[in-house]
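Architecture at a glance
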Amino acid sequence: MVSRLELVSITKQYPGCLANDDISISLMPGEIHALLGENGAGKSTLVKTIYGVVSPDKGDIIWDGREVSIKSPSIARDLGIGMVFQHFSLFETLTVSQNIELCLSKTQLNAIGNLAERIVQLSKEYGLNVNPDRYVHSLSIGERQRVEIMRCLVQSVKLLILDEPTSVLTPQEVAGLFDVLRTLSKEGCSILFISHKLHEVTEICHKATILRGGRVVETCVPQEETPASIAKMMVGDLAEQDAGYAKKIGTKSLFNVNCLSLPAKQPFGTSLKDISFELKSGEILGIAGVAGNGQDELMAIISGEDERDVKNSLILEDKAIGHLHAGDRRKLGMAYVPEERLGRGAVPDMSLTENTLLTHSDGFIKKGLVDWPSIQKYTETLIAKYKVKCHGEFSEAKSLSGGNLQKFIMGREIGQNPKVLICAHPTWGVDVGAALAIHQALLALRDQGAAILLISEDIDELFLLADRMAAVCDGHLSPVVKTESTNIDQIGQWMAGTFINSNNDFKGAKS
Ligand SMILES: Nc1ncnc2c1ncn2[C@@H]1O[C@H](COP(=O)(O)OP(=O)(O)OP(=O)(O)O)[C@@H](O)[C@H]1O
């Protein structure tokens, strides 16, 4: 059988960084192939080359047995290549349908007929729950990802590339996605899959290629390996295990959300409904939930990004802060890691130093002037501590690989020694070694007495780190319970909203 795709000696040099170094890989029709490697290993660069976003300096691409030159994504799409990016590429002011229409040729559109109906039909078929009429700016990150997948499904893809597809999906959604991928594979569609979740790779992939420093270092059959053995191929031996952290009981109350009800700002947003919880010093509270159930709205109102006055609903150490600007809340000791790292967590065109200044302005502005040498030095210490791969403090945020930018943002926020840290998806796209480092930094911050709110769809991570847990569904918060006294089943049911009807008189109880 002829390979669907063959990459021969692909090489790509960025200024000061050989991102892909003589990479050769081949994929058969129907093959699900994992591309693995630590942050900055060159995975995204390679898949962007296949999709025509990056042009390689050297090397050949053979598609269905003939050499092709993929100079743009539209050429890739014409060949039958679809890609779901790590940082989504949707237009926020357009609807789902309009976004999908943009990447279809006239011929494809004519063949489809009514696009909205086709989206609804595929949505049902693959369990994606995508509404064609919604505006993208009103969608959560998980929902946007489903739109990206839908965008590929409406074209008849022969190769589907997924860059970190599961990091923002719940276990149920991951299972649904895997069903989609298995079906596509049976239909002969090849799949190239980048992931740092190694148990998923062993579950679904037929083959894996491991990159390190831009080169292929190993290939394997994941089903014959374990997550640990693959991790070793990627990052070498990890001295410590990322498991079994002791649970703590918080001491004094640091931050309270009291009976917070807030209508949705966006037409398709989620209203928050009578949410109450308490964050205690020396404790991590984990909130699970399917994307789009109020997590974004909760984060926005707590951080002050949503500027509506909810004065007495947010209390930091006995002080009402719900009317304060985001900057004033930061000055009182709050820090945030939003889920969208490029755009919200960091300004793409600014250097890492400038991005550090954005949230650390107090310590580095003297007599109205920015103390650049100090902030540059401080940024360099963050880069070293969190092993952020980049050229230096002057690197623009957008030049970092996804995982490396995540490490930087986490380091920047933890480095403020906040009293209260609110973070969403702390290890999104981060490799196993770096995830271990971030987990330990969060636990160290907790042990110093900070109160941490962890909002995540990664249930395993929540069970690993959180001392108490709850779930959100449709803007309601479930009961808050000790992690040790609950289990994945119960949290899964709460994520589906079982607590809302069964416990109508519940008022966001505190445990
Ligand atoms: N536009 C760019 N300019 C300069 N360097 C870049 C650019 N894009 C990527 N790089 C560098 O190329 C290297 C490979 O990056 P790439 O995004 O391919 O890594 P990755 O394996 O996908 O990492 P991650 O798992 O963190 O997403 C990194 O060192 C990165 O900093």
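In this convention, every chain numbers its residues from 1, walking through the sequence in written order. Local features in a predicted model are, by the rule used here, given only for residues with pLDDT of at least 70; side-chain atom pairs are given and counted only at 80 or more, and totals for whole chains, interfaces and linings are based on all residues.

**Considerations on the packing of helix 12 (residues 352-364) against helix 13 (residues 372-385)**
- Two numbers describe how helix 12 lies on helix 13: the axes approach to 10 Å, and their chain directions differ by 115°. The chirality of how helix 12 crosses helix 13 is right-handed. Where helix 12 approaches helix 13, its residues Leu352, Thr353, Thr356, Leu357 and Phe364 are matched on the opposing element by Ser374, Ile375, Gln376, Tyr378, Thr379, Leu382 and Ile383.
- Among the residues forming the contact of helix 12 with helix 13, the class breakdown is 7 nonpolar, 5 polar and no charged. Axes, fitted as lines to C-alpha atoms, cover a helix only where it is in contact. Angles between the N-to-C directions of the axes lie from 0 to 180 degrees. The helix count covers DSSP runs of H or I at least four residues long, the strand count covers runs of E at least two residues long, and both are numbered beginning at the N terminus. Each crossing gets its handedness from the near helix: less than a right angle anticlockwise from the far helix is left-handed, clockwise is right-handed. Two residues qualify as being in contact provided that their C-beta atoms, derived from the backbone, are within 7 Å of each other. Note on residue classes: Ala, Val, Leu, Ile, Met, Phe, Trp, Tyr, Cys and Pro are nonpolar, Asp, Glu, Lys and Arg are charged, and everything else, Gly too, is polar.

**Considerations on the sheet that holds strand 1 (residues 5-14)**
- Strands were regarded as paired on the criterion that DSSP finds at least two bridges between them. Strand order in the open sheet made by the 4 strands is 2-1-4-5, with antiparallel pairing throughout. Either end of the sheet is taken by a strand with one partner, and the two such strands are strand 2 (17-27) and strand 5 (66-68). The average angle at which neighbouring strand axes cross in this sheet is 30°, direction not considered.
- In this structure, strand 1 lies alongside strand 2, joined through 7 bridges in antiparallel fashion. When the sheet's bridge partners are listed, Leu7 is paired in strand 2 with Ile25.
- Taken strand by strand, helix 1 (residues 43-50) contacts strand 1, strand 2 and strand 4 (58-63), and its axis lies near 120° from that of strand 1.

**Description of the packing of helix 14 (residues 402-414) against helix 15 (residues 432-447)**
- Helix 15 packs onto helix 14 with a crossing angle of 10° between their chain directions and a minimal axis gap of 11 Å. Judged by the inter-axis angle, helix 14 sits roughly parallel to helix 15. Read as a crossing pair, helix 14 and helix 15 show a hand that is left-handed. Contacts between helix 14 and helix 15 involve Gly403, Lys407, Met410 and Ile414 from the former and Ala434, Ile438, Ala441 and Leu445 from the latter.
- Of the residues belonging to the contact of helix 14 with helix 15, the class tally is 6 nonpolar, 1 polar and 1 charged. Any angle that is under 35 degrees is reported as roughly parallel, and any over 145 degrees as roughly antiparallel; angles of 65 to 115 degrees are reported as roughly perpendicular and all others as oblique.

**Thoughts on the UniProt feature "domain: ABC transporter" (unreviewed entry) in the chain**
- UniProt positions are given in the numbering used here, feature names are shortened, and annotations may be inferred rather than shown by experiment. As recorded in UniProt, the feature "domain: ABC transporter" (unreviewed entry) lies at residues 5-238 and 249-499.
- Along residues 249-499 the backbone is 35% helical and 24% strand, and the end-to-end C-alpha distance reaches 24 Å.

**Some remarks on the domain arrangement of the chain**
- What the domain assignment reports for the chain is domain 1 (5-235) and domain 2 (253-502).
- Taking the mean C-alpha position of each, domain 1 and domain 2 sit 28 Å from one another.
- Opposite the 25 residues of domain 1 that make contact, domain 2 presents 28 residues.
- Of all elements in the fold, only helix 6 (141-154), helix 7 (171-186) and helix 9 (227-235) reach the threshold of two or more residues within the side of domain 1 that touches domain 2.
- Here the residues of the side of domain 1 that touches domain 2 are counted per class, giving 7 nonpolar, 13 polar and 5 charged. Domain segmentation is taken from an automatic or database assignment of domains.

**Looking at the nonpolar core**
- By our criterion, buried Ala, Val, Leu, Ile, Met, Phe, Trp, Tyr and Cys residues that link up through C-beta atoms within 7 Å make up a nonpolar core. Here a residue counts as buried when 20 or more other C-beta atoms fall within 10 Å of its C-beta, as exposed when 12 or fewer do, and as partly exposed in between; the C-beta atoms come from the backbone. Judged by nonpolar contacts, the single largest core of 142 residues is most densely connected at Ile161, Val420 and Leu454.
- No other element matches helix 15, which puts 8 residues into this core.
- Excluding its chain neighbours within four sequence positions, the residues that come into contact with Leu454 are Ile284, Leu285, Gly286, Cys423, Pro426, Leu462, Leu465 and Ala466.

**Examining the site of the ligand**
- For each residue, a C-beta atom is positioned from the backbone; the residue is called near a molecule or strand if that atom sits within 6 Å of it. Neighbouring the ligand are 20 residues; Asn39, Ser44, Thr45, Ser401 and Gly403 lie closest to it.
- Elements represented by at least two residues in the shell around the ligand include exactly strand 2, helix 1 and helix 14.
- Along the lines of polarity and charge, the residues of the shell around the ligand split into 6 nonpolar, 12 polar and 2 charged.
- When residues are assigned to domains, the shell around the ligand turns out to be shared by domain 1 (5-235) and domain 2 (253-502), each giving three or more.

**Topic: the confidence of the model for the chain**
- Confidence in the prediction for the chain averages 89 pLDDT; 95% of positions are at 70 or higher.
- Overall fold confidence for the complex sits at a pTM of 0.73, while the interface term, ipTM, reaches 0.97. What pLDDT conveys is the predictor's confidence in a given residue, as a value from 0 to 100.

**Comments concerning the pairing of strand 21 (residues 468-473)**
- Among the 6 residues in strand 21, 6 count as buried, and that is most of the element.
- With burial as the criterion, each face of strand 21 is covered, one bearing Arg468, Ala470 and Val472 and the other bearing Met469, Ala471 and Cys473.
- Bridge count for strand 13 (residues 283-288) against strand 21 is 4 bridges, and the pairing is parallel. By the bridge assignment, Ile287 is partnered in strand 21 with Ala470.
- In this structure, strand 21 lies alongside strand 23 (residues 481-482), joined through 2 bridges in antiparallel fashion. Bridge pairing in strand 23 places Arg468 opposite Lys482.
- Of the strand pairs in this sheet, strand 21 and strand 22 (residues 476-477) are connected by 2 bridges, and their pairing is antiparallel. Within the sheet, the bridge partner assigned to Cys473 lies in strand 22 and is His476.
- Two successive antiparallel strands, strand 21 and strand 22, enclose a turn made up of 2 residues, where Asp474 displays a positive phi of approximately 50°.

**Considerations on the environment of Pro263**
- Inspection of the secondary structure assignment puts Pro263 in the loop between strand 11 (253-262) and strand 12 (272-280).
- Between the alpha carbons of Pro263 and Ala326 there is a distance of 20 Å; along the sequence they are 63 residues apart.

**A look at the sheet that holds strand 15 (residues 319-320)**
- Strand order in this open sheet of 4 strands is 12-11-14-15, and the pairing throughout is antiparallel. A single partner strand is all that each edge strand has here, and the edge strands are strand 12 and strand 15.
- With 3 bridges joining them, strand 11 and strand 14 (residues 314-316) adopt antiparallel strand pairing. By the bridge assignment, Asn256 is partnered in strand 14 with Ile315.
- Lying on the sheet, helix 10 (residues 295-303) is in contact with strand 11, strand 12 and strand 14; it crosses strand 12 at an angle near 60°.

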